[in-house]
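Listed below, chain by chain, are the residues.
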Amino acid sequence: MYNLEVNTTKKHNYMLAKGYTDIANLYRREYKYTESELFYNKALKVYKKLPKEDFYKSQMKVLNIYNHLSVICNSKNKFKETKDAYKGALEIYKRLVNDKSDKYREELAMLLFQLASLYFRHNRQNRAGELYLLVLEILLYLQQKEPKRYRDILGVTFHNLAQIYTSQLEYTEALSAYRASLKYYISLAQKNPSKYSPYVAKVFTDLASFYRKQKKMELAQFFHLKVIELYQDLTDYNELMYDLKLASSIIDGVSCYKQHTISLYHAEAIIKNYRGEREAEALLDRLYFLREERKFLSF
């Protein structure tokens, strides 16, 4: 009789959790994220009440719920709830990964990357850095077997780490990370320049700032000129996307590196093609202010 009651209760809980999950899935497909989040959490609450052995049997279903919750909560900019969903999924992946197989290692690395990036976006630099290092440990191991895989995410991970190290004034580590990031991005840009050259430009921009903070102006200007060169090339692929970035970089050259103000005419000609756009108007105001400032200083 006791076993019958236990089995009946267990079956009821499974059905209840499935029912909540099905309702949550329906709301999610209709983009009703508030209702979807509510029912996913109801399902989780039921699963967590199961005995440990039964919970482990359902862990892939629970993992799926955590994955959906992380996407939903992240889209609603809910830091704590997104973090909790990632951490819940992380606990399951830790049980799934073992030394005998590489199965699930990639999924674990991607989850750690997402959690690290969440911390990075919310200025939790120390925690983000710790997790990015774990991502590198896993992906660099996996890349030994598949050398051409993971270059995108490795490029991003090294780049973000470089920014973290720079903010912590750990310049040696930062430079090493910037170089590693560039290695991956340049490799990717050689085959797909329109897609990956902007990433190279972003790293060059950060390197210019990196050296400027250390008063190494010759190196800073070198990378700044590389940025302008790249954006000039990228405007051949997509003027609408890169014209204003090029103009902004030209203005930076006059503002930060005391380049000749004659280059502002080039930037002005570009910007005037986009009059009425907020970004263009802001750049034009900056350009006019800089021009007047330089006139005043020349007296």
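Above this text sits the structure in question.
The paragraphs below set out a description of the structure included in this document. (Residues numbered from 1 in each chain as written. Predicted model: local features only at pLDDT ≥ 70, side-chain atom pairs only at ≥ 80, totals over all residues. Heavy atoms only, no water.)

Some words on the overall build of the protein chain
Moving on, step 1. Scanning the protein chain for helices and strands turns up 14 helices and zero strands.
Moving on, step 2. Along the protein chain, from the amino end to the carboxyl end, the secondary structure elements read α-α-α-α-α-α-α-α-α-α-α-α-α-α.
Moving on, step 3. A compact globule built from 299 residues should have a C-alpha radius of gyration of about 19 Å, whereas the protein chain, at 25 Å, is more than 25% larger.
Moving on, step 4. Sorting the 299 residues of the protein chain into buried and exposed places 44% on the buried side.
Moving on, step 5. Counted over contacts in the protein chain with a minimum sequence separation of 6, partners at least 24 positions apart contribute 54%. (Helix = DSSP H or I, 4+ residues; strand = E, 2+ residues; numbered from the N terminus. Rg over C-alpha atoms; globule rule 2.2 N^0.38 Å. Buried < 20%, exposed > 50% of the residue type's maximum accessible area, 1.4 Å probe, protein only. Contact = heavy atoms within 4.5 Å.)

As for the packing of aromatic side chains
Moving on, step 1. Tallied over the entire structure, the rule returns 18 aromatic pairs.
Moving on, step 2. Measuring from centroid to centroid gives 5.6 Å for F204 and F223, while their planes differ by 45 degrees, and the two rings are tilted. Note that F204 is positioned in helix α10 (residues 193–213) and F223 in helix α11 (residues 217–234), a separation of 19 residues in sequence. Like F223, F204 is buried.
Moving on, step 3. Three or more aromatic residues joined by ring pairs make a cluster, and in this case those are Y171, Y178, F204, F210, Y211, F222 and F223.
Moving on, step 4. Taking the ring centre of Y265 as reference, the NZ or CZ of R291 above it sits at 4.7 Å. (Phe/Tyr/Trp six-rings, centres within 6.5 Å; stacked < 30°, edge-to-face > 60°. Lys NZ or Arg CZ within 6 Å of the ring centre and 35° of its normal.)

Regarding the environment of E229
Moving on, step 1. Mapping E229 onto the fold places it in helix α11.
Moving on, step 2. By relative accessible area, E229 is classed as partly exposed at 43%.
Moving on, step 3. Between the alpha carbons of E229 and Y150 there is a distance of 27 Å; along the sequence they are 79 residues apart.

Details of unusual backbone geometry
Excluding glycine, most residues fall at negative phi; most peptide bonds, likewise, are trans.
Moving on, step 1. Not every positive phi belongs to a glycine, and Y104 is a case in point at roughly 80 degrees.
Moving on, step 2. Within the chain, N123 stands out as a residue other than glycine whose phi angle is a positive 60 degrees.
Moving on, step 3. Among the secondary structure elements, N123 is positioned in the loop between α6 (105–121) and α7 (125–143).
Moving on, step 4. Residue N123 is classed as exposed on the basis of its relative accessible area, which comes to 57%.

Some details on the side chain of R105
Moving on, step 1. With respect to the secondary-structure elements, R105 resides in helix α6.
Moving on, step 2. Residue R105 is classed as buried on the basis of its relative accessible area, which comes to 16%.
Moving on, step 3. Separated by 2.9 Å, the side chain of R105 and the backbone oxygen of N98 make a polar contact. (Polar contact = N/O pair within 3.5 Å; in protein donor to acceptor, adjacent residues only side chain to side chain.)

With respect to the side chain of S197
Moving on, step 1. Here S197 is to be found in helix α10.
Moving on, step 2. Beyond its immediate sequence surroundings of up to four residues, S197 is in contact with A189, N192, L230 and L234.

Brief notes about the pattern of salt bridges
Moving on, step 1. Within this structure, the stated rule accounts for 17 salt bridges.
Moving on, step 2. Ionic pairing is found between K57 and E53, a salt bridge with its closest N-O pair at 3.9 Å. Separated by four residues within a single helix, K57 and E53 lie in helix α3 (residues 52–57), roughly one turn from each other.
Moving on, step 3. D206 is the salt-bridge partner of K202, the closest N and O atoms lying 2.9 Å from each other. Of this pair, K202 and D206 both sit in helix α10, four residues apart, roughly one helical turn.
Moving on, step 4. Since its relative accessible area comes to 38%, K202 is described here as partly exposed. (Salt bridge = Lys/Arg side-chain N within 4 Å of Asp/Glu carboxyl O.)

Quick notes on the packing of helix α4 (residues 59–75) against helix α5 (residues 79–96)
Moving on, step 1. Between α4 and α5, the shortest axis-to-axis distance is 8 Å and the interhelical angle comes to 150 degrees. Accordingly, the angle class assigned to the pair α4 and α5 is roughly antiparallel. Considering only the axes of α4 and α5, their crossing is left-handed. Residues Q59, M60, V62, L63, Y66, N67, L69, S70, C73 and N74 of α4 form the contact with α5, whose own contacting residues are E81, T82, D84, A85, Y86, G88, A89, I92, Y93, R95 and L96. (Axes fitted to C-alpha atoms, helices over the stretch in contact; angles between N-to-C directions. Parallel < 35°, antiparallel > 145°, perpendicular 65-115°, else oblique. Left-handed = near helix turned anticlockwise from the far one by under 90°.)

Function cannot be read off these values alone, since they describe shape.
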